[in-house]
Amino acid sequence: MRSGQWLAGAGVWAVVLIAVSLPAVLVASPAVTAPELDGTSLTTGLGVLAAGVLIFRARARRN
Amino acid sequence: MKAYRLSAVARPDLPPYAPHVSLVFLLVLEMFGLSMAFDTQRLTDNPSSWAHVAGSSPQLVRLAIAMACVTVLFAIARQSAVVARLSSGELEPIRARYLGVHAVCLLLFVAISQVVVGVQPAFVNHPALWTLAWAGGGVSSLGAWALALGPVGSWLSLVRSQRASAIAGVVVGTLVWASGFATERLWVALARVTFAVVGWMLHLIYPVVRSDPSRMLIGTPHFAAVITPQCSGYEGIGLITVFLSVYLWLFRRELRFPGALLLLPIGAAVIWIANAMRIVALIAVGTAGWKAIAQGGFHSQAGWITFNAIALTFVALMVRGRYFAANASPRSRTVPAARRHDATTVFLAPFFALSATAMLTGALSSGFDWLYPVRLVVAAAVIWMFKRQYAALTWKWSWWPLAIGFAGFLVWLTLLPLVTPTPAANTTWPIALRSIPWYWAAAWLLARAIGYVVTAPLAEELAFRGFLARRLVRTDFDALPIGVFTWVSFVASSVIFGAFHGRLWLPGTIAGMLFALAIQRRGALGDGVQAHATTNGLLALYACLTGQWGLWS
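Everything quoted here is computed from the prediction, not taken from an experiment.

(A) Representation of the overall build of chain B within the structure. In terms of regular secondary structure, chain B is built from 22 helices and three strands. Of the contacts formed within chain B by residues at least 6 apart in sequence, a portion of 72% connects residues at least 24 apart.

(B) Quick look at the overall build of chain A. A tally of regular secondary structure across chain A gives two helices and zero strands. Every one of the 63 residues in chain A was classed for burial, and the buried ones make up 25%.

(C) Quick look at the confidence of the model for chain A. For chain A, mean pLDDT is 61; residues scoring 70 or higher make up 33% of the total. Counted against residues more than four places away or in other chains, residues 20-37 of chain A, with its pLDDT under 50, gives 44 contacts.

(D) Broad picture of the sheet that holds strand β1 (residues 210-212) of chain B. Residue and element names in this part refer to chain B. Ordered in space as β1-β2-β3, the three strands form an open sheet in which the pairing is antiparallel. Of all strands in the sheet, those with a lone pairing partner are β1 and β3 (224-226), marking the two edges. Here the strands of the sheet are splayed against their neighbours by 20 degrees on average, with no regard to which way each runs. Judged from the three bridges that link them, β1 and strand β2 (residues 217-219) form a sheet pairing that is antiparallel. In the strand pairing of β2, D212 is matched with L217.

(E) Looking closely at the packing of helix α21 (residues 505-522) of chain B against helix α22 (residues 525-546) of chain B. Residues and elements named next belong to chain B. The geometry of α21 relative to α22 is characterised by a closest axis approach of 7 Å and an angle of 145 degrees between their N-to-C directions. Considering how the two elements wind past one another, α21 and α22 form a crossing that is right-handed. On α22, the residues touching A511, L514, F515, A518, I519, R521 and R522 of α21 are L525, D527, G528, A531, H532 and T535. Considering only residue class, the contact of α21 with α22 consists of seven nonpolar, three polar and three charged.

(F) Representation of the domain arrangement of chain B within the structure. What the domain assignment lists for chain B is domain 1 (38-161), domain 2 (184-320) and domain 3 (342-551). Relative to domain 3 of chain B, the C-alpha centre of domain 1 of chain B lies at a distance of 33 Å.

(G) Unusual backbone geometry, seen in detail. Residues and elements named next belong to chain B. Although it is not a glycine, M216 sits at a positive phi angle of roughly 60 degrees. When you line up the elements, M216 lands in the loop between β1 and β2. What makes M216 partly exposed here is the crowd of 18 C-beta atoms within 10 Å.

(H) Structural detail: the environment of L545 of chain B. All names here are of chain B. Relative to the elements of secondary structure, L545 occurs in helix α22. The exposure class assigned to L545 is exposed, which follows from the 8 C-beta atoms found within 10 Å. Spatially, the C-alpha atom of L545 lies 41 Å from that of V124, the residues being 421 residues apart in sequence.

(I) Summary view of the environment of F298 of chain B. All names here are of chain B. Relative to the helices and strands, F298 is located in helix α13 (residues 291-320). The buried category is assigned to F298, around which 24 C-beta atoms lie within 10 Å. As for F298 and V285, which are separated by 13 residues in sequence, their C-alpha atoms are 8.6 Å apart. Apart from the residues within four sequence positions on either side, F298 is in contact with L282, V285, I293 and A363.

(J) Molecular detail of the packing of helix α19 (residues 438-471) of chain B against helix α20 (residues 487-499) of chain B. Residues and elements named next belong to chain B. Packing of α19 against α20 leaves a shortest axis separation of 9 Å and a crossing angle of 135 degrees. The orientation of α19 with respect to α20, classified from their angle, is oblique. The hand of the α19/α20 crossing is right-handed. The residues of α20 that touch α19, namely those facing F464, R465, L468 and A469, are S489, F490, S493, I496 and F497. For the contact of α19 with α20, the class distribution of residues is six nonpolar, two polar and one charged.

(K) Up close: the nonpolar core. Counting residues in hydrophobic clusters, the biggest one holds 100 residues, and the most contacted among them are V198, I240, L348, F352 and A463 of chain B. Beyond its immediate stretch of four places on either side in the chain, F352 of chain B contacts V48, A51, G52 and I55 of chain A.

(L) Just helix α15 (residues 372-385) of chain B, in detail. Residue and element names in this part refer to chain B. Taking 1.5 Å per residue, 14 residues should reach 20 Å; α15 reaches 21 Å between its end C-alpha atoms and fits that length. Three or more residues of α15 are buried, namely R375, L376 and A379. The arc that holds every buried residue of α15, seen down its axis, measures 95 degrees, which confines them to one face. The exposed residues of α15 that point more than 90 degrees off its buried face are A381 and W384. Residues of α15 that are buried in the fold lie against α14 (343-363) and α19.

Rules and cut-offs
- Residues numbered from 1 in each chain as written.
- Chains lettered and ligands numbered in written order.
- Predicted model: local features only at pLDDT ≥ 70, side-chain atom pairs only at ≥ 80, totals over all residues.
- Helix = DSSP H or I, 4+ residues; strand = E, 2+ residues; numbered from the N terminus.
- Contact = placed C-beta atoms within 7 Å.
- Buried ≥ 20, exposed ≤ 12 C-beta atoms within 10 Å, placed from the backbone.
- pLDDT = per-residue confidence, 0-100.
- Pairing = 2+ DSSP bridges.
- Axes fitted to C-alpha atoms, helices over the stretch in contact; angles between N-to-C directions.
- Left-handed = near helix turned anticlockwise from the far one by under 90°.
- Nonpolar A, V, L, I, M, F, W, Y, C, P; charged D, E, K, R; others polar.
- Domains from an automatic or database assignment.
- Parallel < 35°, antiparallel > 145°, perpendicular 65-115°, else oblique.
- Core = buried A, V, L, I, M, F, W, Y, C linked by C-beta atoms within 7 Å.
- Expected span 1.5 Å × (residues − 1).
- Arc of directions from axis to C-beta.

Right, dumping it as structure tokens:
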């Protein structure tokens, strides 16, 4: 099998994974909540991630 | 007052639908804040049928979100006329007066929510009245938001023109929502697999492993943990899937497809394995004798540290990796001195360093952050790295920012009792500091004071007013002057700043607005830092004088 065909197959499976996992994870609304999902930890975690991505991309563009 | 008019600023990259998208973003933020502030779980424990009706309302919200998301996806997929209208800018202008109504209704909704969700006596005595008032407040708030976007006629014509997408949204959205209940069982199943993998990993490290599958208890003879469904790794898989999906979509032109799609299953697998390793590390920390740290900061922070590390590694792969990046270029070894620091790094690096270090030191604490001085050292080092760039900003002393800082202190002092019932209840600090020699306690307090009054205001003003407030106006934000004003950037940057203060988001948001106003007068970031430092300094002083440590911590 050519690598292109293999990649296309992998891509299809990746889309299937998204389709299956997203509803399960996002809409499942399980009764359980992880301890790290309190307000301050969540915003700090997302803040570090957003700042990290912005810095990384800016530095990559600059270089 | 020095004011920059937006019309005077070139905005080549601001799409015509930016204000409308900002309003949607505002609604998402509000819903996020409300879901964080109010936990309806208590209502389901109440015997009243009205309490059960109110308690089941989050499910209705989730159903509506699923329907809305699917409808939008169908509309985009069908390349419908409304998408073309969005792109071309043929939209109703935002109607600001309804935004005011929305704000009033939202405040009313929050006030009623405190009575209903808190199951206060007034609600227990008249549950039907309060539930209906609660629903009315929520619907009114949402209705006013919709009217701010466009009149009733426009909404009706939109529904008529998008009938097929709307029907698909209702049907598929309901199916997606219902499938969520079925997949709840997967959390338990995955927890069992995680339990087995953690046991296998522990056997590699410890000669004796304690395991009780009936209680999902695993560990060593000295320390054990219960693998509950939320420890299964499902949340991590969800977070990384959402993060990578959004990233792949936003930067699709920079990526090589379908190869880049491989990152999704790889990401899910990596974060699940990392979650198992996190549990093993937690057991190892507890077994080593640091049980309080394992149960406290490590349990709380290790998940976020793991997720951020993996997500940023994947970003590096997508930016640098030749397999995933469409135009990956070999890294230049010699960078000219003048181009060594980009503006984004200059403005965000102190905030990133401060927050990342806070996560790390938080993971190694058990309620009291003994390692706080590390934050100070790291933030000071990063600020020192960019000292030349910061020196180029305006730093002139003035009474104006001091007055605004004093106003911020009063706002904080006034609102704190409203958002937290016992603001002075924090006894962690006095107990912890009395347990060590006085000179160490004094040194810790000094480091905490310098961090609170100097490095934190500097890092936060650089990030929120120096970067974010301008980045919300224009991509190449450095081309705009400091203090540039638009309502969207002013409100959004302040609300996001407030969100970083957790349950104190309301005083945080108002303080953020005040600091933005301090900067706007002279277009000097130093004025915002002075105002911020004044507020923090007065709060620290007040806490020291009155013993109300909750105001400072």
